[in-house]
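Structural description and commentary
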Amino acid sequence: MAQKGAQLDRETISCSICLDLLKDPVTIPCGHSYCMNCIKAHWDGEDEKRIYSCPQCRQTFIPRPVLVKNTMLAALVEELKKTGLQAAPDDHCYAGPEDVACDVCTGRKLKALKSCLVCLASYCEKHLQPHYDVAPLKKHKLMEPSKKLQENICSRHDEVMKMFCRTDQQCICYLCSVDEHKGHDTVSAAAERTERQRELEVSRQNIQQRIQDREKDVKELQQEVEAINGSADKAVEDSEKIFTELIRLIEKRRSDVKQQVRSQQETEVSRVKDLQEKLEQEITELKRKDAELKKLSHTEDHTEFLQNYSLPTCLSGTIYFSKPINLRYFEDVTAAVSELKDELQDVLSDGLTNISLTVTEVDVLLSQEPKTRAEFLIYLSELTLDRNTTNRHLLLSKKNRKVTYMSEEQSYPSHPDRFTNLQVLSTESLTGRCYWEVEKGEGGVSVVVTYKHNNTVKERFGDNDKSWSLGFYKSRYDFRHNSVRTPVSGPRSSRVGVYLDHSAGILSFYSVSETMTLLHRVQTTFTQPLYAGLRLDGPIENTAELCQLNS
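Let me begin by describing the structure that accompanies this report. Fair warning: this is a prediction, and the values are worked out from it, not measured in the lab.

How each quantity is defined
Residues numbered from 1 in each chain as written. Predicted model: local features only at pLDDT ≥ 70, side-chain atom pairs only at ≥ 80, totals over all residues. Heavy atoms only, no water. Phe/Tyr/Trp six-rings, centres within 6.5 Å; stacked < 30°, edge-to-face > 60°. Helix = DSSP H or I, 4+ residues; strand = E, 2+ residues; numbered from the N terminus. Buried < 20%, exposed > 50% of the residue type's maximum accessible area, 1.4 Å probe, protein only. Lys NZ or Arg CZ within 6 Å of the ring centre and 35° of its normal. Salt bridge = Lys/Arg side-chain N within 4 Å of Asp/Glu carboxyl O. Polar contact = N/O pair within 3.5 Å; in protein donor to acceptor, adjacent residues only side chain to side chain. Contact = heavy atoms within 4.5 Å. Expected span 1.5 Å × (residues − 1). Pairing = 2+ DSSP bridges. Axes fitted to C-alpha atoms, helices over the stretch in contact; angles between N-to-C directions.

1. As for the packing of aromatic side chains
We describe a pair of aromatic rings using the distance from one ring centre to the other and the angle between the two ring planes. Enumeration according to the criterion identifies 11 aromatic pairs in this entry. Between Tyr451 and Trp468 the ring centres are 5.8 Å apart and the planes differ by 85°, which places this aromatic pair in the edge-to-face class. Linking Tyr451 in the loop between strand 15 (445–450) and strand 16 (467–472) with Trp468 in strand 16, this pair joins segments that are 17 residues apart in sequence. Take Tyr451 and Trp468: they sit in the same class, and that class is buried. What links up through ring pairs into an aromatic cluster is the set Phe376, Tyr379, Tyr435, Tyr499 and Tyr510. The aromatic ring of Tyr531 is capped on one face by Lys452, whose charged end is 5.2 Å from the ring centroid.

In structure tokens form, the structure reads like this:
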């Protein structure tokens, strides 16, 4: 009892703002007490309003009260600290806003340790003890603390719901089983739990198996990454060596041509200089002869003139050579090198194009398509239909997943995206890998993947190069793209699955029944986000629905 008294005293002398023992306690005009710093901070936040209130009773004060330390209360706090107050529960034992509180505790409640499914109450450690000591209470079913115990009470009969109606798939009390659920397939909640537990374990086994499979896939993908990186590194290294050798060969040929030109230059210059030297010697000799002849021409003695005159002698030894007509010299070499450059550029351009195509053709298992329905469901996309694109003769229902062809127009507001044909688009855009299924009604339905363009609202899906449409009817399938219709064969089904791998450019349509059968496959390049679409044909009240699936 001493501990109980100490606990009550602790609550009495605790600050309701910080929930701790009072520090420098002050009492405000309404009679409630707080730590001086706590109430100051509270009132500082109310300065703009110029009205100050009590956090507990909400009484207001104008002007702001002057705070004076309550010396008596301060002394009481110090005294109780010395007389066993420490034995009271720690703050972390008390229930906070997110905790389940003990239903028996009065005043400040402790955290519940367990909840009882029979008592429909939650208990702290102290108040739970009778369930361990009293024989009848030992039979009660205890569970982890829960705030939802009242959900186990039948709102109609105020009885614990210990039964389950399999017909209506809901928990009921024993009075419900003889009242509105009379004649239904009912069992005890425990029996249904056992059955569901078995199903849960099977589901867990399937999930765990899938986890193992996915972990194996992740490991394989990691190995693939390492293989890609290794192969790419080796290709870069080998290419660098080859290009380096190619550059070296070009450099050698450049040096050879330079050396050959210089050698030929030296030869030709030497030959020309030799000829030049001979000509200069001939000029010297001719000048000497000219001087002799000039002297002879001035001789007055006719006999001496005739004896010394000799014309053939002065013309002997003359050098003759032909001048070049086209003085291009080595320009033809430049032309030949330029021609080689052009040829080499063409070869390199073609070769590099082939190399680029070879690089882009590198593919790995990332683009592999799923095989089983379970694998497809991994990429399940939860799609809804966009009301702003829905034709006015299509009625939306089932949380905007189903459309029905109606004779009367629906009151949809005007919108530039609204189709004039019996068509509708998904709200969500599609990128990456996606899978969804469509269930049709009595008439024909076209399942569509398309780009979103405002200027196509009057066009039928499949009549342009922006949409791919698979129509399925009672006895046939057909595929339409860019106004080209292609008949498609496959097993008849009221459900079609669509698989999209945006980055790989893969779009596949499947007939869905007990097995998955490929109907048509498209391999292309998608350049922007896609949208799912539906198109309905007659009769009136024909339906198409984006199926709600569980991955």
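Next, the rest of the story.
2. A short note on the pattern of salt bridges
Tallying each qualifying case throughout the model produces 31 salt bridges. We note a salt bridge from Asp44 to Arg64, for which the minimum N-O separation is 3.0 Å. Pair noted here: Asp44 is in helix 2 (residues 36–44) and Arg64 is in the loop between strand 4 (60–61) and helix 3 (71–82), with a separation of 20 residues, a long-range link. By relative accessible area, which is 43% here, Asp44 ends up partly exposed. On the accessibility criterion, Arg64 (27% relative accessible area) is partly exposed. Residues Glu545 and Lys398 are paired through a salt bridge, measuring 3.6 Å at the closest nitrogen-oxygen approach. Taken as a pair, Glu545 in strand 23 (residues 543–546) and Lys398 in the loop between strand 11 (394–397) and strand 12 (402–405) lie far apart in primary sequence, 147 residues in all. Exposure remark for Glu545: the relative accessible area of 16% places this residue in the buried category. Taken together, the shared-partner salt bridges in this structure form one network comprising Arg373, Glu437, Glu439 and Arg495.

3. Structural notes on the side chain of Asn464
Summarising the element assignment, Asn464 is placed in the loop between strand 15 and strand 16. The exposure class of Asn464 is buried, given its relative accessible area of 8%. At 3.3 Å, the side chain of Asn464 forms a polar contact with the side chain of Glu459. Not counting residues within four places of it along the chain, the set of residues in contact with Asn464 comprises Thr456, Glu459, His481, Asn482 and Ser483.

4. Thoughts on helix 3
Relative to the 16 Å expected for 12 residues at 1.5 Å per residue, helix 3 spans 17 Å between its end C-alpha atoms, a close match to the ideal helical length. Between a side-chain oxygen at the N-terminus of helix 3 and the backbone nitrogen of Met72 the separation is 3.3 Å; the capping residue is Asn70.

5. What to know about the sheet that holds strand 9 (residues 170–172)
One open sheet accounts for 3 strands, arranged 9-8-10; its pairing is antiparallel. One side of each edge strand has no neighbouring strand; the edge strands of this open sheet are strand 9 and strand 10 (186–188). On average, each strand axis in the sheet is inclined to that of its neighbour by 35°, with strand direction left out of account. Of the pairings in the sheet, the one linking strand 8 (residues 163–165) to strand 10 comprises 3 bridges and is antiparallel in character. When the bridges of strand 10 are listed, Met163 appears paired with Ser188.

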